[in-house]
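# Summary of the model geometry
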Amino acid sequence: MSDTTHDGAVMLTKPPAADDGLSPAEIAAKYGLSVSGARPGLVEYIRQLWGRRHFILAFSQAKLTAQYSQAKLGQLWQVATPLLNALVYYLIFGLILGTREGISNEVFVPFLVTGVFVFTFTQSSVMAGVRAISGNLGLVRALHFPRASLPISFALQQLQQLLFSMIVLFLIAIGFGSYPKLSWFLIIPALVLQFVFNTGLALIMARLGSKTPDLAQLMPFIMRTWMYASGVMFSIPVMMKDKPEWIATVLQLNPAAVYMDLIRFALIDGYGSENLPPHIWAFALGWAILFGVFGFVYFWKAEERYGRG
């Protein structure tokens, strides 16, 4: 407690006698004080996030618009970038290295483009998640809001970018003989599950990246390795036919391969169920729940530490 003297000086005095013997926590509770920036309970945290859903959507749209604002082609780079990657992979892996073995050209081109687009969705969500906190410290320190809003909005930004690119993917599929049919509707639940998985992974990386900014320099190498192990440019069963069966099974059941295969199966006529591992939808759901729930709780646990230090 303090009093101000006639000359403006501050003189410290003892707390009121009624507070004698109370701990600091008890005194704070008595006067309705709370710790600034304290982590709310999990249910309250979810409620706060829902209350800021408009901010999350607007922030993701603003980031998407600003991403290519300095380029003359603007938003067309959202489609041009993965398409150019697919072209490079087709020239190197499809023509030179012959990884399209066992796949006709009518299937391989949409197979490859689908793999590149879908994996880029996960890759971009992870890379954006790593920088979600460390790259927005000014915002984190200036305003009070659920910090999970940032990695979630970045994952939503990547989903919007993929949806824009899907128009081109549909045109490529039609151009190579895969016409619209009921199975195309399976793309919707597959993308929803992948979005949940990506968001959980982005939340995990956001917490790790908030304390270790150098992780952003390491992640491109990790993501590139993951891409090569997920069958983006080749059929895993065909390329692994001379290897022990368990190797192909492990590669096919990794999350990136699972979501790519589901969308390929739904979109491409010549990519039948014989190319899918057993119980693939169960694995897609399991990966989404596991990473979605764990990632959210893991990020929430460190809520009060973001932006400090």
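Now for a description of the structure that goes with this document. (Residues numbered from 1 in each chain as written. Predicted model: local features only at pLDDT ≥ 70, side-chain atom pairs only at ≥ 80, totals over all residues. Heavy atoms only, no water.)

### Some details on the overall build of the protein
Put simply, the test is: Only DSSP runs of H or I with at least four residues qualify as helices, and only runs of E with at least two residues qualify as strands; both kinds are numbered from the N terminus onward. Whether a residue is buried, partly exposed or exposed follows from its accessible area with a 1.4 Å probe, protein chains only, as a fraction of its type maximum: under 20%, in between, or over 50%, in that order. The contact rule is simple, with two residues in contact once any of their heavy atoms fall within 4.5 Å. All accessible-area figures derive from a Shrake-Rupley calculation using a 1.4 Å probe, and residue coverage is judged against the displayed protein chains alone.
Counting its secondary structure elements, the protein contains 13 helices and two strands. Relative to its 309 residues, the protein shows a buried fraction of 45%. When contacts within the protein are restricted to residue pairs at least 6 apart in sequence, those whose partners lie at least 24 apart make up 75%. With an accessible surface of roughly 16300 Å², the protein has 68% of that area assigned to carbon and sulfur atoms.

### Overview of a nonpolar patch on the surface
Quick note on the threshold: Nonpolar side chains (Val, Leu, Ile, Met, Phe, Trp, Tyr) within 5 Å and like charges within 9 Å form the patches, drawn only from residues with over 30% relative accessible area and no salt bridge. One side-chain nitrogen of Lys or Arg within 4 Å of one carboxyl oxygen of Asp or Glu is enough to make a salt bridge.
Together, L84, L87, V88, L91, I92, L95 and I96 make up a nonpolar patch on the protein surface, roughly 630 Å² of accessible area in all. Its location among the elements puts L91 in helix α4 (residues 77-96).

### Considering the packing of aromatic side chains
Inclusion rule: Centres within 6.5 Å are what make two rings of Phe, Tyr or Trp a pair, Trp counting through its six-membered ring; a difference in plane orientation under 30 degrees is then read as stacked, over 60 as edge-to-face, and the rest as tilted.
Following the criterion strictly, the structure yields 13 aromatic pairs and no others. Taking 5.8 Å as the distance between ring centres and 50° as the angle between the ring planes, the aromatic pair formed by Y45 and F296 counts as tilted. In this pair, Y45 sits in helix α2 (residues 42-51) while F296 sits in helix α13 (residues 280-301), placing the two residues 251 residues apart along the sequence. For the pair Y45 and F296, a shared accessibility class is recorded, and that class is buried. Between the aromatic rings of F111 and Y271, the centroid separation amounts to 5.6 Å while the plane-to-plane angle is 50°, which identifies the pairing as tilted.

### Description of the environment of Y179
Considering the arrangement of structural elements, one finds Y179 in the loop between α7 (149-175) and α8 (187-211). Separated by 88 residues in sequence, Y179 and L267 place their C-alpha atoms 8.4 Å apart.

### Considerations on the pattern of salt bridges
Tallying each qualifying case throughout the model produces three salt bridges. Two residues, K181 and D269, come together in a salt bridge whose shortest N-O distance is 2.4 Å. Of this pair, K181 sits in the loop between α7 and α8 while D269 sits in the loop between α12 (255-267) and α13, placing them 88 residues apart in sequence. When its relative accessible area of 41% is taken as the criterion, D269 is described as partly exposed. Where R264 meets D261, a salt bridge forms, and the shortest distance between an N and an O atom there is 3.7 Å. On the criterion of helical spacing, the pair formed by R264 and D261 is a turn pair, its members being three residues apart in helix α12.

### What about the nonpolar core?
Inside soluble globular proteins, nonpolar side chains tend to come together where they are buried. Selection rule: The set of buried Ala, Val, Leu, Ile, Met, Phe, Trp, Tyr and Cys residues whose side-chain atoms join them within 4.5 Å is what this entry labels a nonpolar core.
Membership of the largest hydrophobic core comes to 84 residues, with the highest contact counts inside it found for F119, L150, M219 and F299. Per-element tally for this core: the top contributor is helix α5 (residues 105-130), with 15 residues. Setting aside residues no more than four positions away along its own chain, F119 makes contact with M223, W226, M227, S230, V232, A256 and M260.

### Looking at unusual backbone geometry
Of note in the backbone geometry, H279 takes a positive phi value of approximately 60° without being a glycine. Note that H279 resides in the loop between α12 and α13. Judged by its relative accessible area of 63%, H279 falls in the exposed class.

### Some remarks on the packing of α5 against helix α9 (residues 215-228)
Test applied: A fitted line through C-alpha atoms serves as each axis, taken over the contacting stretch for helices, and the angle formed by two N-to-C directions is quoted from 0 to 180°. To sort the angles, those under 35 degrees are grouped as roughly parallel, those over 145 as roughly antiparallel, those from 65 to 115 as roughly perpendicular, and the leftovers as oblique. Handedness of a crossing is defined here by the sense of rotation of the near helix relative to the far one, left-handed for an anticlockwise turn of less than a right angle and right-handed for a clockwise turn.
In the contact formed by α5 and α9, the axes pass within 10 Å of each other and the chain directions differ by 165°. When the axis of α5 is compared with that of α9, the two are roughly antiparallel. Every pair of crossing elements has a handedness; the one defined by α5 and α9 is right-handed. Contacts between α5 and α9 involve F119, T122, Q123, V126, M127 and V130 from the first element and L215, A216, M219, P220, M223, W226 and M227 from the second.

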